[in-house]
Amino acid sequence: MMVCAEASGLKRESGKNLTTTMRDVAEASGFSPATVSIVLNNAPLARYIAPATKKRIEEIARKLGYRPNAMARFLRSKRSHSVGVMFFDITDPYCTPVLRGIENGLYQSSYVPIFADAHNDKNRFERYLEMLLEHHVEALIVVANWLFVDIHLLADLSKRNIPAATIGWELPGDTVGSVMVDNEGGGRLALEHLYQLGHRKIAFIRGPKMLIDSAPRWRGVQKFAQAAKLKIDAGLVAQLPDSFDPNSGFEGGQRLTEELLQKKKKFTALMAFDDLTALGAIRALTKAGVNVPEQCSVTGFDDVALSALAAPSLTTVRQPLEAMGNLAVNVVMEGVKAGLEKRDWNIVRHKMNPELVIRESTRAVLSGGSDD
């Protein structure tokens, strides 16, 4: 089928650039290029142009398929209307809802995200950062998911007047905003839930030492245990090894749970560092003939999509991941606005509340299963 490119008297020759320009709109509408430019760029002088003229120009532009030249607009205004979004590993299930929140927030702000996945590699991260700056992004959002490599070079962005915010990490100093969940409060919520169900013999799989979330979550566990006079058996505490693979928690959870079972120490509940670790633990328990939750309750942390789909569905501590992504956009957009208005911008650090989500993987301890 042959298609002839013709609209409002305009003809295109084969092989020519089919991009519609303002001059094309001017010729088709009968108005001067200057008037067309004022209307299509919504310049301040547009308020002096008759509504009928504006309507005619906009209709012709729409029929011709006119699209503003982003590069030309950037050269005039020095604004790209883009935000760099850096992930350390987008295969981490943690990232998906965060990404949705960022994308929604930027859409509402009429900004385009430029995404980059550093694959948990420091050199790749630094190169992508250079590339994003070369594309003149107006702000930067960094999502710290698995192992957060050293990115203190982000602090240099303040010298370029580029607002930046991190999700899941808080940099020292006062140059980069942040959005985090209260990990300590989340650790407390998970243990408190198991305690209220009557569990006293509880196994724990802690997070990797290098991971920024590990220490505060364990601190929340210890503080609740101390307040409740709950003894934590060191023989029932395991720790995930450091790894650059965001999905290694499943294998680690399975292996460490198998090792806990081999110790022949009784436990009626297991609190895992995150959801993938908890799902790995459930796999190991099931293979060993231990029914969840009838014989052992299991909790996770994060509330990634797999948690609700698992069998049994996983009781977990929910991070408001989509809301965190959206909030990070608000943080950097305020910085962009402050720069345009030539005013100071206060660095904002948000700490969001976690939420306990009770599903099928936990239940009250059976009679005789408690230490009491």
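Residues numbered from 1 in each chain as written. Predicted model: local features only at pLDDT ≥ 70, side-chain atom pairs only at ≥ 80, totals over all residues. Heavy atoms only, no water.

1. Here's the deal with the pairing of strand β3 (residues 82-87)
Next up, step 1: For β3, the buried fraction is high: six of the six residues fall into the buried class.
Next up, step 2: Burial of the side chains of β3 extends over both faces: S82, G84 and M86 are buried on one face and V83, V85 and F87 on the other.
Next up, step 3: Where the polypeptide runs from β3 across helix α5 (residues 95-108) and back to strand β4 (residues 112-117), its parallel neighbour, the crossover connection is right-handed. (Buried < 20%, exposed > 50% of the residue type's maximum accessible area, 1.4 Å probe, protein only. Helix = DSSP H or I, 4+ residues; strand = E, 2+ residues; numbered from the N terminus. Right-handed = clockwise from strand over helix to strand, strands pointing away.)

2. Observations regarding the pattern of salt bridges
Next up, step 1: This structure, assessed with the given rule, holds 15 salt bridges.
Next up, step 2: The residue R127 makes a salt bridge to E130 at a minimum N-O spacing of 3.2 Å. On the criterion of helical spacing, the pair formed by R127 and E130 is a turn pair, its members being three residues apart in helix α6 (residues 122-134).
Next up, step 3: R127 gets classed as partly exposed once you look at its relative accessible area, which sits at 41%.
Next up, step 4: Classification of E130 by relative accessible area gives partly exposed; the value is 44%. (Salt bridge = Lys/Arg side-chain N within 4 Å of Asp/Glu carboxyl O.)

3. As for the packing of helix α7 (residues 183-196) against helix α8 (residues 214-228)
For any two helices packed against each other, one specifies the inter-axial angle together with the distance between the axes.
Next up, step 1: The interhelical angle for the contact between α7 and α8, taken along N-to-C directions, is 45°, at an axis separation of 6 Å. Taken together, the axis directions place α7 and α8 in an arrangement best described as oblique. Where α7 crosses over α8, the handedness of that crossing is right-handed. Residue-level inspection shows N183, E184, G187, R188, L191, E192 and Y195 of α7 in contact with α8, the latter providing P216, R217, R219, G220, V221, K223, F224, A225 and A228.
Next up, step 2: The residue inventory of the contact of α7 with α8, partitioned by class, reads seven nonpolar, three polar and six charged. (Axes fitted to C-alpha atoms, helices over the stretch in contact; angles between N-to-C directions. Parallel < 35°, antiparallel > 145°, perpendicular 65-115°, else oblique. Left-handed = near helix turned anticlockwise from the far one by under 90°. Contact = heavy atoms within 4.5 Å. Nonpolar A, V, L, I, M, F, W, Y, C, P; charged D, E, K, R; others polar.)

4. Thoughts on the nonpolar core
Next up, step 1: Counting 25 residues, the largest nonpolar core has I102 and I167 as its most contacted members.
Next up, step 2: The biggest single contributor to this core is helix α12 (residues 321-340), with nine residues.
Next up, step 3: If sequence neighbours within four positions are ignored, I102 has contacts with V85, I141, V143, I167, G325, N326 and V329.
Next up, step 4: Counting 23 residues, the second largest nonpolar core, distinct from the first, contains A203, L260, L270 and V292. (Core = buried A, V, L, I, M, F, W, Y, C linked by side-chain atoms within 4.5 Å.)

5. Observations regarding the sheet that holds strand β13 (residues 349-352)
Next up, step 1: Taken in spatial order, the six strands line up as β4-β3-β5-β6-β7-β13 in an open sheet, and their pairing is parallel. In this open sheet, the two strands that pair with only one neighbour each are β4 and β13. For this sheet, the mean inter-axis angle between neighbouring strands, taken without regard to orientation, is 15°.
Next up, step 2: Across six bridges, β3 lies against β4 in parallel orientation. Bridging across to β4, G84 finds its partner in I114.
Next up, step 3: Most of the contacts of α5 go to β3, to which it runs at about 175°, and overall it touches β3, β4, β5 (139-143) and β6 (164-167). (Pairing = 2+ DSSP bridges.)

6. Observations concerning the pairing of β5
Next up, step 1: Extensive coverage of β5 is indicated by the burial of five of its five residues.
Next up, step 2: Here β3 pairs with β5 via five bridges, running parallel. Each residue of the ladder has a partner; that of G84, found in β5, is L140.
Next up, step 3: Pairing between β5 and β6: four bridges, direction parallel. If you follow L140 over to β6, its bridge partner there is A164.

7. Focus: the side chain of S178
Next up, step 1: Along the chain, S178 turns up in strand β7 (residues 177-181).
Next up, step 2: Taking relative accessible area as the criterion, S178 reaches 0% and is therefore assigned buried.
Next up, step 3: In contact with S178, other than residues within four places in its own chain, are T166, W169, E170, V348, R349 and H350.

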